[in-house]
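Fold and contact review
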Amino acid sequence: MKEIYLEQIDSTNLYGKAHLSELSDKTVIFAGKQYAGHGRLKRSWVDLGGDNLFLSFILKPSDTFIDIYSNLPQYLSVVVCKVLQNYNVMPEIKWPNDVLIGGKKIAGILAETVVQGNIFKGIILGIGVNLNADKSSFKLVKDRKITALNIETGRCINSNEFRIQLCKEFFYNYEKFLTVGFPFVRYDYLERSCFLGKDIQVKVFDKEISGFAKSVTDRGELVLLNNENEFIINMGDIL
Ligand code: BTN
């Protein structure tokens, strides 16, 4: 594993994409400040101004893309939950890979796959974790309730310590995950899920589907039950 620290950058994912050809497999890019962070579904990821985590894993596991790679964000959601638990908090996962504490988002994950022509070049797996933030900065995020680890624990968080734990936990089972896929983390994922067994609404592009969250398949897809019809959803956002 190689680490690259950037004092300030638009986005660690954008940096990863722009430099992908020079970066080796398992490089970790992290930044002190990130002024144009982006998230899933065209959302932005706001730098709350404290000492927070903005990090991207550069992954080049093979020359061809395999479906298991689509579950890397879910693998990372379990990894970050395990690290957060070391701080005596109870994180939950909202399908597909948002991490919440007490219903408020603390971490977001975004995977971007780079393909040139039909050649797979790699994945930039980005994660943002609110580690140290002033409550007054929460108003910068308008579309959802958020929290930060310092608020949840009542103490300052050492972002270096957090990052080291995250990378260690991520790479500990990474190769195993790549051979098994989502079933490798299914139990850990479901155990922390906050959506199963509930009536929910899911936004899929510009459509909303509502139903009972029945389960998650071995490919990490959400199974929704609506009037005895089963919907298997592989992309979207729980509202
Ligand atoms: C989401 O919740 O929609 C995903 C947010 C992902 C944010 C991280 S911060 C580090 C990396 N750089 C980015 O621009 N985005 C990811």
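Residues numbered from 1 in each chain as written. Predicted model: local features only at pLDDT ≥ 70, side-chain atom pairs only at ≥ 80, totals over all residues. Heavy atoms only, no water.

As for the pairing of strand β6 (residues 91–94)
Bridge count for β6 against strand β7 (residues 98–101) is four bridges, and the pairing is antiparallel. Counterpart to I93 in the pairing with β7 is V99. Once β6 ends, the chain turns through three residues before running back antiparallel as β7. (Pairing = 2+ DSSP bridges. Helix = DSSP H or I, 4+ residues; strand = E, 2+ residues; numbered from the N terminus.)

Details of the sheet that holds strand β8 (residues 104–116)
Pairing is mixed across the open sheet formed by seven strands, whose spatial order is β1-β2-β5-β9-β8-β7-β6. Edge positions in the open sheet fall to β1 (2–9) and β6, since each of these has one partner strand only. Going from strand to strand, the sheet's axes swing by 20° on average, the running direction of each strand aside. On top of the sheet, helix α4 (residues 159–172) reaches β1, β2 (27–34), β5 (53–59) and β9 (119–129); it is set at about 25° to β5, its chief contact. (Axes fitted to C-alpha atoms, helices over the stretch in contact; angles between N-to-C directions. Contact = heavy atoms within 4.5 Å.)

Some words on the side chain of S77
Examined against the element boundaries, S77 turns out to sit in helix α2 (residues 72–85). The exposure class assigned to S77 is buried, which follows from its relative accessible area of 0%. (Buried < 20%, exposed > 50% of the residue type's maximum accessible area, 1.4 Å probe, protein only.)

Honestly, that's just the spatial picture; any functional story needs more than this.
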